[in-house]
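Residue-level structure breakdown
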Amino acid sequence: MVCAARAELMWSGLALKNWFWRGLFVLHFTSLVFAKEKKEFKAKLGERALLPCCYELPSPESLNNYRVYWQTIQREVIQAYSAGKPVPSSDQDNSKYVNRTEMDLQNLTLLISPVELSDNNTYECIVQELKNGVYQYKCAERVVLVVVADFSKPVISADVPKDACGSTEVTVSCSSHGSFAEPRVSGILNNMSVDWQTNLSDSKDSLYNVTAKLHLNLTEEIFLTCTIEYDVYKVSSSYTLKKLKECPSPTPSPQGVIIASSLVLICIFLVAIALLFKYFWCHGCEQLRCSHYPVPQDPAVGTEMKEGVRGVSDLSEVISEAASF
């Protein structure tokens, strides 16, 4: 009984070890498969993409002994050859690849040109070899095509009013387009970070168009940058705004000078008329008073009359000077 128990325990240990190694093999095989699935190739929008296959033929003529398929993981057949001849596809969904794909007949590389956004996909190359009248599995490999669309170099422009001078409000705009990744706009203004007012829009190809604006008070020379960041990429442009010239001092118009001079002359003339009126009024009152009350002959009176005559002559000189002005 004891020996039987020991034997049973030994067999169970061997079975456990066997399953352990099988598990390691499966894990290793799975890791290899997933490692192949993660093989990526990048191509820019509008350019061409080359996707390698897992096998290379000895010569183009040897294609007669092989069957080769290029397809997507959705089973859309892109290129297929059997016994050296192309196999027409019955799929209706692969019309987007017509006249844009080509397969090298020796290294079996798939060419896609021009690359479109819809080409962002996983592709599979399957090779079968003809042996004894039967096609046998040779290899298969998956590759991932990542389509990259770059933003264009930002275009910066400033809306400076014509004939502007001194301190002026200026609107600066920064625009870019061409990527399907959502952008973030940042900038530097005279070595200090600045926030742009960003506006996003989509084009017919689902690409982003971005326009950013900045309102500035142009009082000095300004150096600024506009940077478009998307994914792990970024593009940037620089721009310089020159300081505006000083505004000239306002000069009075000749018409204003004439009007001001005329007003001054009119005021002087009115003042002179008022003084004359006051003088003659007072002189008439004095004569009327003297006719009712005879004034004794006194040397002092003669002196006062002379001073009055002198005052009249002085007033006449003032009026003549005002008229000449």
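Below is a short write-up of the structure. Given the structure is predicted, the values throughout are model-derived calculations rather than measurements. (Residues numbered from 1 in each chain as written. Predicted model: local features only at pLDDT ≥ 70, side-chain atom pairs only at ≥ 80, totals over all residues. Heavy atoms only, no water.)

1. Regarding the overall build of the protein chain
Just so we agree on the cut-off: Every helix listed is a DSSP run of H or I at least four residues long, and every strand listed is a run of E at least two residues long, numbered separately from the N terminus. Residue contacts follow a heavy-atom distance rule, with two residues in contact if any of their heavy atoms lie within 4.5 Å. Shrake-Rupley sampling with a 1.4 Å probe provides the accessible areas, and residues are treated as covered by the protein chains on show and by no other component.
Helix and strand counts for the protein chain stand at three helices and 17 strands. Counting contacts in the protein chain only where the partners sit at least 6 residues apart, residues at least 24 apart contribute 62% of the total. Summing over all exposed atoms, the protein chain offers an accessible surface of approximately 22600 Å²; the carbon and sulfur share of this is 59%.

2. A short note on the nonpolar core
Cut-off, in case you're wondering: Here, nonpolar core means buried Ala, Val, Leu, Ile, Met, Phe, Trp, Tyr and Cys residues that are tied together by side-chain atoms lying within 4.5 Å of each other. Exposure classes here rest on a 1.4 Å probe applied to the protein chains alone. A residue is buried below 20% of its type maximum, exposed above 50%, and partly exposed in between.
Grouped together as the largest cluster of nonpolar side chains are 25 residues, with contacts concentrated most on Val 172, Trp 196, Leu 216 and Leu 224. Where this core is concerned, the elements lending two or more residues are strand E11 (168-179), strand E12 (184-189), strand E15 (208-218), strand E16 (222-230) and strand E17 (233-241). Of all the elements, E15 adds the most residues to this core, at six residues. Setting aside anything within four residues of it in sequence, one finds Trp 196 in contact with Val 172, Ser 173, Cys 174, Val 185, Ser 186, Gly 187, Ala 212, Lys 213, Leu 214, Leu 224, Thr 225 and Cys 226. Of all hydrophobic cores here, the second largest spans 24 residues; its members include Ala 49, Ile 78, Tyr 97 and Cys 139.

3. Side note on the side chain of Gln 71
Structurally, Gln 71 can be placed in strand E3 (residues 66-72). We classify Gln 71 as buried; its relative accessible area is 8%. With residues near it in sequence (within four places) discarded, Gln 71 still touches Glu 76, Val 77, Ile 78, Thr 122, Tyr 123, Glu 124 and Ile 126.

4. Digging into the sheet that holds strand E6 (residues 101-103)
Strand pairing in a sheet relies on backbone hydrogen bonds, with the paired strands running either antiparallel or parallel. Filter applied, for reference: In this analysis, strands are considered paired if DSSP registers two or more bridges between them. Geometry is summarised by axes, namely lines fitted to C-alpha atoms with helices restricted to the contacting stretch, and by angles between N-to-C directions that run from 0 to 180 degrees.
Here we have three strands laid out as an open sheet, ordered E2-E7-E6, and antiparallel in their pairing. Of all the strands in the sheet, just strand E2 (49-51) and E6 have a single pairing partner and so form its edges. Sheet twist, expressed as the average angle between the axes of neighbouring strands with direction ignored, equals 20°.

5. A word on the state of the cysteines
What counts, and what does not: Disulfides are defined in this document as cysteine sulfur pairs within 2.5 Å.
Tallying each qualifying case throughout the model produces three disulfides. Cys 54 shares a disulfide with Cys 139; S-S distance 2.1 Å. Classification of the bridge connecting Cys 54 and Cys 139 rests on its S-S torsion, roughly 80°, and on that basis the disulfide is right-handed. Linking Cys 54 in the loop between E2 and E3 with Cys 139 in strand E9 (residues 134-148), this pair joins segments that are 85 residues apart in sequence. Residue Cys 54 is classed as partly exposed on the basis of its relative accessible area, which comes to 27%. A relative accessible area of 13% places Cys 139 in the buried class.

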